[in-house]
Amino acid sequence: MRIVAPLEIEDYVIQTAEFMSPPRWHIGHTSWFFETLLQTYQPGYRIYNEDYLFFFNSYYEGFGSRIARGRRGTRSRPTVTETIKYRKYIDEAMLRFLSQIEVREDAEKMLSLVRLGLEHEMQHQELLVYDIKHLLSDLYNAPVTIVPVAAEAVAGMAEIEGGLFELGYAGGDFAWDNEKPRHKVFLQDFALDRALVSNGDYLEFIGAGGYRDYRWWLSAGWDAVHREQWEAPMYWELHDGEWMIRDFHGLHPAKEKANEPVAHVSYFEAAAYAKWAGKRLPTEAEWEKAACFDPQQKANWNFPWGNDAPTVANANLFDRQLWGVAPIGSLPQGHSGYGCQQMIGDVWEWTSSDYAPYPGFKSEFDEYNDKWFVGQKVLRGGSFATPQIHIRLTYRNFFHPHERWMISGFRCAKS
Ligand SMILES: [Fe+2]
């Protein structure tokens, strides 16, 4: 609710593209998710409003029919006021549910479902940031914060030795089923960029005619370039022959942001850049090893910097409230054992891995992760819109290869 606080009433209801959802929809949908829990497990619970079940369901076949994703902005009802009232009603019902949870025999299962609802809500907090960016970008009243300055130059590639590596979640507090089970993979020796690909790097690709040369593109990517008429990342605008980037803080020449990580690129664009640069995208196993393994201590950490949870000093996540990427080299404390920086936060990083189940995968949540196991690519590391307590090094995000309204960037690898 703090994210939507600066919005005007009109901002809540319109849908500016098929892929985004109006803010009102997120506000209702996250409560709907908790209402499905109340419906199933709270004896005597009465549905708040049958119409809301249709309007606020996203994609769950098991919870009945729903409005098509691209039509979420075609209705003015329920109103924003009614949606907020619904949200308060569900929040209060959940508080009552939680206050009685201890006496239940299935208390542990109930708490894990509540946790699921909270993790789901955090995913929508992040999506809300993407959608508000599409809706308003610099018209949104984002907090003004001091952008950190680069403390050091980050250059070159880390050389990483191959061999057996254990990929996936090692246990602890919470993880999605798609991060499990931890399993052995074999890696060849490889190198990985210490820094994210920057706007400056990407400007060179554009300047070299990258978007007009089929040689760098996957076939489906080349189709997308033509279909979508791509000439640059999303939110880049050409003004008098100069590329400008529009973000939450205004419109700036890309040149002035040359040292910031490039964002809002599709998988196709990331792969084309990598090929042009004589490199490739890392697999998710390569990314994970580069992020967690400490070659000095011969140990795996939970985060690049060690086992401690992220703080604003080592990662640019949502809690930092920067509402944008941090310059390369501005978070030296967050470096991995191999000297790779900004692996957590800033931008989700495309990997070349298909989003598919790990060997031995067991579904823990109906219709949550496993029904998406085809046609999407894995992204790692979180973005400036990811809540600090939501991210893990083993977290597997996934999007279709043409999507780029989310905060997506990349770094390159080499064999
Ligand atoms: Fe959802």
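Our structure's up above, just so we're on the same page.
The rules behind the values
- Residues numbered from 1 in each chain as written.
- Predicted model: local features only at pLDDT ≥ 70, side-chain atom pairs only at ≥ 80, totals over all residues.
- Heavy atoms only, no water.
- Helix = DSSP H or I, 4+ residues; strand = E, 2+ residues; numbered from the N terminus.
- Rg over C-alpha atoms; globule rule 2.2 N^0.38 Å.
- Buried < 20%, exposed > 50% of the residue type's maximum accessible area, 1.4 Å probe, protein only.
- Contact = heavy atoms within 4.5 Å.
- Areas by Shrake-Rupley, 256 points an atom, 1.4 Å probe, with all protein chains shown as cover.
- Lys, Arg positive; Asp, Glu negative; His and termini not counted.
- Charge placed at Lys NZ, Arg CZ, Asp CG, Glu CD.
- Axes fitted to C-alpha atoms, helices over the stretch in contact; angles between N-to-C directions.
- Parallel < 35°, antiparallel > 145°, perpendicular 65-115°, else oblique.
- Nonpolar A, V, L, I, M, F, W, Y, C, P; charged D, E, K, R; others polar.
- Pairing = 2+ DSSP bridges.
- Expected span 1.5 Å × (residues − 1).
- Disulfide = S-S within 2.5 Å.
- Polar contact = N/O pair within 3.5 Å; in protein donor to acceptor, adjacent residues only side chain to side chain.
- Salt bridge = Lys/Arg side-chain N within 4 Å of Asp/Glu carboxyl O.
- Phe/Tyr/Trp six-rings, centres within 6.5 Å; stacked < 30°, edge-to-face > 60°.
- Lys NZ or Arg CZ within 6 Å of the ring centre and 35° of its normal.

With respect to the overall build of the protein
Consideration 1: Across its full length, the protein carries eight helices and 14 strands.
Consideration 2: In summary, the protein has a C-alpha radius of gyration of 22 Å against a globular reference of 22 Å for 415 residues, a match within 12%.
Consideration 3: Counting only C-alpha atoms, the protein reaches 60 × 55 × 40 Å along its principal axes.
Consideration 4: Taken over 415 residues, the protein has a buried fraction of 56%.
Consideration 5: If you take every contact in the protein between residues at least 6 apart in sequence, the share linking residues at least 24 apart comes to 75%.
Consideration 6: For the protein, the computed accessible surface area is about 18500 Å², with 51% contributed by carbon and sulfur atoms.
Consideration 7: The protein carries 42 positive and 56 negative side-chain charges, and their two centres are separated by 2 Å.

Remarks on the packing of helix 1 (residues 23-41) against helix 4 (residues 107-135)
Consideration 1: In the contact formed by helix 1 and helix 4, the axes pass within 9 Å of each other and the chain directions differ by 170 degrees. On the basis of their axis angle, the class for helix 1 and helix 4 is roughly antiparallel.
Consideration 2: Within the contact of helix 1 with helix 4, the residues separate by chemical class into 15 nonpolar, six polar and three charged.

Some remarks on the sheet that holds strand 13 (residues 408-409)
Consideration 1: Read across the sheet, four strands follow the order 12-11-10-13 without closing on themselves; strand pairing throughout is mixed. The strands lining the two open edges of the sheet, one partner per strand, are strand 12 (397-399) and strand 13.
Consideration 2: Where strand 10 (residues 348-354) and strand 13 come together, two bridges link them in parallel fashion. Residue pairing in the sheet places tryptophan 348 in a bridge with serine 408 of strand 13.

Some words on the pairing of strand 3 (residues 183-187)
Every regular strand shows the same layout, with side chains that alternate between the two sheet faces.
Consideration 1: Of the two faces of strand 3, the one holding His183, Val185 and Leu187 is buried and the one holding Lys184 and Phe186 is not buried anywhere.
Consideration 2: Examined bridge by bridge, strand 2 (residues 163-167) and strand 3 share five bridges and lie antiparallel to one another. Considered in strand 3, the bridge of leucine 164 is made with phenylalanine 186.

Structural notes on helix 3 (residues 80-99)
Consideration 1: In this model helix 3 runs 29 Å from its N-terminal to its C-terminal C-alpha over 20 residues, within 8% of the 28 Å that 1.5 Å per residue would give.
Consideration 2: In this structure, the buried residues of helix 3 make contact with helix 1, helix 2 (50-56) and helix 4.

Regarding the state of the cysteines
Consideration 1: In total, this model carries zero disulfides according to the counting rule given.
Consideration 2: Of the cysteine sulfurs around cysteine 292, a residue in no disulfide, the closest is that of cysteine 340, at 12 Å.
Consideration 3: Residue class for cysteine 292 comes out buried when judged on its relative accessible area of 5%.
Consideration 4: Overall, cysteine 340 belongs to the buried group, its relative accessible area being 0%.

Overview of unusual backbone geometry
Consideration 1: For the peptide bond that leads from arginine 77 to proline 78, omega is -5 degrees, which places it in the cis range.
Consideration 2: With respect to the helices, strands and loops of the structure, proline 78 is situated in the loop between helix 2 and helix 3.
Consideration 3: Cis geometry marks the peptide bond from lysine 180 to proline 181; its omega dihedral reads -10 degrees.
Consideration 4: The topology assignment puts proline 181 in the loop between strand 2 and strand 3.
Consideration 5: With a phi angle near 75 degrees, tyrosine 235 is a residue other than glycine that sits in the positive phi range.
Consideration 6: Relative to the elements of secondary structure, tyrosine 235 occurs in the loop between helix 6 (219-228) and strand 5 (236-239).
Consideration 7: Residue class for tyrosine 235 comes out buried when judged on its relative accessible area of 14%.
Consideration 8: One non-glycine residue, glutamine 342, lies in the positive phi region at around 60 degrees.
Consideration 9: Within the secondary structure, glutamine 342 is located in the loop between strand 9 (299-300) and strand 10.
Consideration 10: On the basis of relative accessibility, which here comes to 3%, the residue glutamine 342 falls in the buried class.

A look at the side chain of threonine 351
Consideration 1: Topologically, threonine 351 is positioned in strand 10.
Consideration 2: Polar side-chain contacts of threonine 351 include one of 3.2 Å to the backbone nitrogen of serine 353.
Consideration 3: Apart from residues no more than four positions distant in its own chain, threonine 351 is found in contact with Tyr267, Pro282, Thr283, Glu284, Trp287, Lys377, Val378 and Arg380.

Some details on the pattern of salt bridges
Consideration 1: A full pass over the atoms with the stated rule returns 24 salt bridges.
Consideration 2: Among the ionic pairs, glutamate 119 bridges to arginine 115, the shortest N-O distance being 2.8 Å. On the criterion of helical spacing, the pair formed by glutamate 119 and arginine 115 is a turn pair, its members being four residues apart in helix 4.
Consideration 3: Owing to a relative accessible area of 1%, glutamate 119 belongs among the buried residues under this scheme.
Consideration 4: Owing to a relative accessible area of 26%, arginine 115 belongs among the partly exposed residues under this scheme.

Considerations on helix 4
Consideration 1: In this model, helix 4 (29 residues) spans 41 Å end to end at C-alpha, consistent with the 42 Å of a helix rising 1.5 Å per residue.
Consideration 2: Serine 137, located one to two residues past helix 4, shows a positive phi value of around 35 degrees.

Side note on the packing of aromatic side chains
Consideration 1: Under the criterion given, the structure shown has 45 aromatic pairs.
Consideration 2: Taken together, a centroid distance of 6.1 Å and an interplanar angle of 85 degrees make the contact between phenylalanine 33 and tyrosine 368 edge-to-face. Taken together, the residues phenylalanine 33 in helix 1 and tyrosine 368 in the loop between strand 10 and strand 11 (377-380) connect sequence positions 335 residues apart. As far as the burial class goes, phenylalanine 33 and tyrosine 368 line up, both buried.
Consideration 3: Taking the centre distance of 5.8 Å and the plane angle of 90 degrees together, the rings of tyrosine 52 and phenylalanine 56 count as edge-to-face. With tyrosine 52 and phenylalanine 56 both in helix 2, this residue pair falls four residues apart, about one helical turn.
Consideration 4: Between lysine 289 and the ring centre of phenylalanine 293, over which it is positioned, the NZ or CZ distance is 5.0 Å.
Consideration 5: Directly above the aromatic system of tyrosine 358 lies the positively charged group of arginine 396, at a separation of 4.0 Å from the ring centroid.

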